Number of protein chains: 4
Amino acid sequence: MPRFAIVPDHAVTIAVRVRYFETDKMQVAHHANYLVWFEEARSAFCRIRGIDYPQMERDGLFLPIVEAHCRYIAPARYDELLSVSVFVLECARRSVRFGYVIQRDETLLAEGETYQILVDGNGRPRSWPEELAARMTLGLPAT
Amino acid sequence: MPRFAIVPDHAVTIAVRVRYFETDKMQVAHHANYLVWFEEARSAFCRIRGIDYPQMERDGLFLPIVEAHCRYIAPARYDELLSVSVFVLECARRSVRFGYVIQRDETLLAEGETYQILVDGNGRPRSWPEELAARMTLGLPAT
Amino acid sequence: MPRFAIVPDHAVTIAVRVRYFETDKMQVAHHANYLVWFEEARSAFCRIRGIDYPQMERDGLFLPIVEAHCRYIAPARYDELLSVSVFVLECARRSVRFGYVIQRDETLLAEGETYQILVDGNGRPRSWPEELAARMTLGLPAT
Amino acid sequence: MPRFAIVPDHAVTIAVRVRYFETDKMQVAHHANYLVWFEEARSAFCRIRGIDYPQMERDGLFLPIVEAHCRYIAPARYDELLSVSVFVLECARRSVRFGYVIQRDETLLAEGETYQILVDGNGRPRSWPEELAARMTLGLPAT
């Protein structure tokens, strides 16, 4: 009984092809790769929203992961084409919470969440520059 | 202000050296590797408890991850020697929940949890064979 | 002084975006990932040539790597879009040799080669089925 | 017919346990991981020879891979304990060539080679500081 995930309109979705390297001896994509796919979706999210993350890092702003969670619902297999959607769940003054949905066609494969804080090069929390916050929260209901 | 994790007596602890490959451009171990280290600790847990996981798989019993969670508290860096502890939090009829603690000396770096179900080669849930359940729950308070 | 690689007409070229996970503390893509990108290009090569590699494996035909070589010419960095080209250098009765070129725009980043043999599920060498050999060698000068 | 590799006396050998994550759907360790194991052995080599590689990088000296080669002779499987040996083949003024042998018990699984150059933070070639060169070439016949 396939489930159908709800991906919000403001999500960014990328296509990911399961690599042979990403499979394991259980014949499916290894679960650690899902965090890598989440990250690849975040990279696309930033690019599409006009957030130059490589430049952010050169400017001394980083978004390390403080918490990551993934629920695995159905396996992904070699060479399958998946869609990985990412969307902001909540953007606070010095942090952001992303949600993720991975699907193959209409089948929900996984759901996830990461919580990240904005820090400088010494790991000290920093507040979102106004413009970046605006780009992050585009499409989110005002709070 | 370092935190000190409580690792139960029935935990199994392995040493993991952070590989260069596991670092990322933020100069720290990438967060996806923590799930790999958790898994390496589980492998040692099984070996030490006399659970031959490779044989289990040949016998058609698998323990796929249904849920994984990690909280990242302090970064790990290249060539550092970490201790990764794993312990059973709960072992139900057809599933098991593991807890994890990663430390460098006395400093807590990360905590995690995985929820796994026992399935056969077709993904159908299976009950723990009695002997395996006993080995899994060794040292746990009876429920 | 950038070099310009010669990619033959019968090559298959894919785009690969460097993942954050793939970078290391030297701020560049870690060299082991190049073998993974080569493999992703081979997967696309098979798909495009009508070679169903997942089906081949279900039929008991595998193409393990016997030899891999990579020459690293210029680094690749996070979020860069690379082109990875793969082409058959030589297809013998029970083996195949692939060549690879990785470029960013017109700059050559790496060149590589893999030598693979066709084996059955027990690792015994097998000859190429005629149709697969034809698909593999499409565009190659007859020998 | 197992082969027996010749590992020179001045080699450094580490033990590596094949991780589940490192297997692929062919039920064996994926070939890209061998480069990672080579690197882990190099890290141990440096540590044992009194070469503080993390400090070298803080001092602006890096050893990027210019060329990597691996020959795969027999597969490695999940949870197997391998020995990975590394030794200097040749140490020139601004470069070093390492050789590698991977074995399981007395069976040779793989042989490899990497060629690396010493560069500063801007990628410019540098000569080996005398003390580092001495530590690198310890046990090598004088040339």
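Residues numbered from 1 in each chain as written. Chains lettered and ligands numbered in written order. Predicted model: local features only at pLDDT ≥ 70, side-chain atom pairs only at ≥ 80, totals over all residues.

Another point: the overall build of chain A. Scanning chain A for helices and strands turns up 3 helices and 5 strands. Written out in order from the N terminus, the α and β elements of chain A read β-α-α-β-β-β-β-α. A compact globule built from 143 residues would reach a C-alpha radius of gyration of about 15 Å, and chain A, at 16 Å, matches this within 12%. Seen through its C-alpha atoms, chain A measures out along the principal axes to roughly 45 × 30 × 25 Å. Classification of the 143 residues of chain A by burial places 38% in the buried group. Put simply, 71% of the contacts in chain A that link residues at least 6 apart link residues at least 24 apart. (Helix = DSSP H or I, 4+ residues; strand = E, 2+ residues; numbered from the N terminus. Rg over C-alpha atoms; globule rule 2.2 N^0.38 Å. Buried ≥ 20, exposed ≤ 12 C-beta atoms within 10 Å, placed from the backbone. Contact = placed C-beta atoms within 7 Å.)

Moving on to the relation of the copies chain B and chain A. Overlay of chain B on chain A (RMSD 0.0 Å): rotation 180°, translation along the axis 0.0 Å. Here the symmetry operator amounts to a two-fold rotation axis. Relative to the rotation axis, the closest C-alpha in chain B is found at H69(B), a distance of 2.2 Å. (Least-squares fit on C-alpha atoms with pLDDT ≥ 70 in both.)

Here we take up the relation of the copies chain B and chain C. One copy of the chain maps onto the second through a rotation around an axis plus a translation along that axis. At an RMSD of 0.0 Å, chain B and chain C line up after a rotation of 180° and a shift of 0.0 Å along the axis. Most of the interface of chain B is mirrored in chain C: 100% of its interface residues are interface residues there too.

What follows covers the interface of chain B and chain A. Listed by partner, the interface residues are 15 residues for chain B and 15 residues for chain A. Residue assignment for the side of chain B that touches chain A shows that the elements contributing at least two residues are helix 1 (32–48) and strand 2 (65–72) of chain B. Counting residues per element, the side of chain B that touches chain A draws most heavily on strand 2 of chain B, at 8 residues. Looking at the side of chain B that touches chain A residue by residue, the classes come out as 11 nonpolar, 2 polar and 2 charged. Across 5 bridges, strand 2 (residues 65–72) of chain A lies against strand 2 of chain B in antiparallel orientation. If you follow A68(A) over to strand 2 of chain B, its bridge partner there is C70(B). (Nonpolar A, V, L, I, M, F, W, Y, C, P; charged D, E, K, R; others polar. Pairing = 2+ DSSP bridges.)

What follows covers the interface of chain B and chain C. Interface size is often expressed as the accessible area that is lost when the parts come together. Each side of the interface is counted separately: chain B has 9 residues, and chain C has 9 residues. A class-by-class count of the residues in the side of chain B that touches chain C yields 4 nonpolar, 3 polar and 2 charged.

All names here are of chain D. For C46, the position within the fold is in helix 1 (residues 32–48). Considering only alpha carbons, one finds C46 and L138, 92 residues apart in sequence, at a separation of 11 Å. C46 has contacts with I51 and Y53, leaving out every residue within four places of it along the chain.

Orientation of helix 1 (residues 32–48) of chain A relative to helix 1 of chain B, taken along the N-to-C sense of each, is 175°, at an axis distance of 8 Å. Taken together, the axes of helix 1 of chain A and helix 1 of chain B are roughly antiparallel relative to one another. Contacts from A32(A), L35(A) and V36(A) in helix 1 of chain A reach A32(B), L35(B) and V36(B) in helix 1 of chain B. Its residues placed into classes, the contact of helix 1 of chain A with helix 1 of chain B shows 6 nonpolar, no polar and no charged. (Axes fitted to C-alpha atoms, helices over the stretch in contact; angles between N-to-C directions. Parallel < 35°, antiparallel > 145°, perpendicular 65-115°, else oblique.)

We now examine the sheet that holds strand 4 (residues 95–104) of chain A. In a beta sheet, neighbouring strands pair by backbone hydrogen bonds and run either parallel or antiparallel. The antiparallel open sheet is built from 10 strands, whose spatial order is 1(A)-3(A)-4(A)-5(A)-2(A)-2(B)-5(B)-4(B)-3(B)-1(B). Only two strands of the sheet have a single partner each, and these edge strands are strand 1 (12–17) of chain A together with strand 1 (12–17) of chain B. Put simply, the sheet's adjacent strands are angled 20° from each other on average, direction ignored. For strand 4 of chain A and strand 5 (residues 107–117) of chain A, the ladder comprises 10 bridges, and the chain directions are antiparallel. For V101(A), the partnering residue across the bridge sits in strand 5 of chain A and is E111(A).

All names here are of chain C. Even without being glycine, Q27 reaches a positive phi, approximately 75°. One can find Q27 in the loop between strand 1 (12–17) and helix 1 (32–48). With a phi close to 75°, D79 is a non-glycine residue in the positive phi region. Mapping D79 onto the fold places it in the loop between strand 2 (65–72) and strand 3 (81–92). For D79, a count of 18 C-beta atoms within 10 Å gives the class partly exposed.

Before going further, it helps to spend a moment on the confidence of the model for chain A. A residue-level look at chain A finds 96% of positions with pLDDT of 70 or above and a mean pLDDT of 95. Model confidence for the complex is summarised by a pTM of 0.96, with the ipTM given as 0.95. (pLDDT = per-residue confidence, 0-100.)

Turning next to the environment of M26(D). Structurally, the position occupied by M26(D) is in the loop between strand 1 (12–17) and helix 1. When sequence neighbours within four positions are dropped, the list of residues in contact with M26(D) reads F62(C) and P64(C).

Right, let's talk about the pairing of strand 4 (residues 95–104) of chain C for a bit. Burial of strand 4 of chain C is extensive: 7 of the 10 residues sit out of reach of the surface. In this antiparallel pair of consecutive strands, strand 3 of chain C and strand 4 of chain C, the connection spans 2 residues.

Taken in spatial order, the 10 strands of this open sheet run 1(C)-3(C)-4(C)-5(C)-2(C)-2(D)-5(D)-4(D)-3(D)-1(D), and their pairing is antiparallel. In this open sheet, the two edge strands, each paired with only one partner strand, are strand 1 of chain C together with strand 1 of chain D. If you compare each strand with its neighbour and ignore which way they point, the axes differ by 20° on average. Lying over the sheet, helix 1 of chain C contacts strand 1, strand 2, strand 3, strand 4 and strand 5 (107–117) of chain C, oriented at roughly 135° with respect to strand 1 of chain C. Against the sheet, helix 3 (residues 130–137) of chain D engages strand 3 (81–92) and strand 4 (95–104) of chain D, with an angle of about 130° to strand 3 of chain D.

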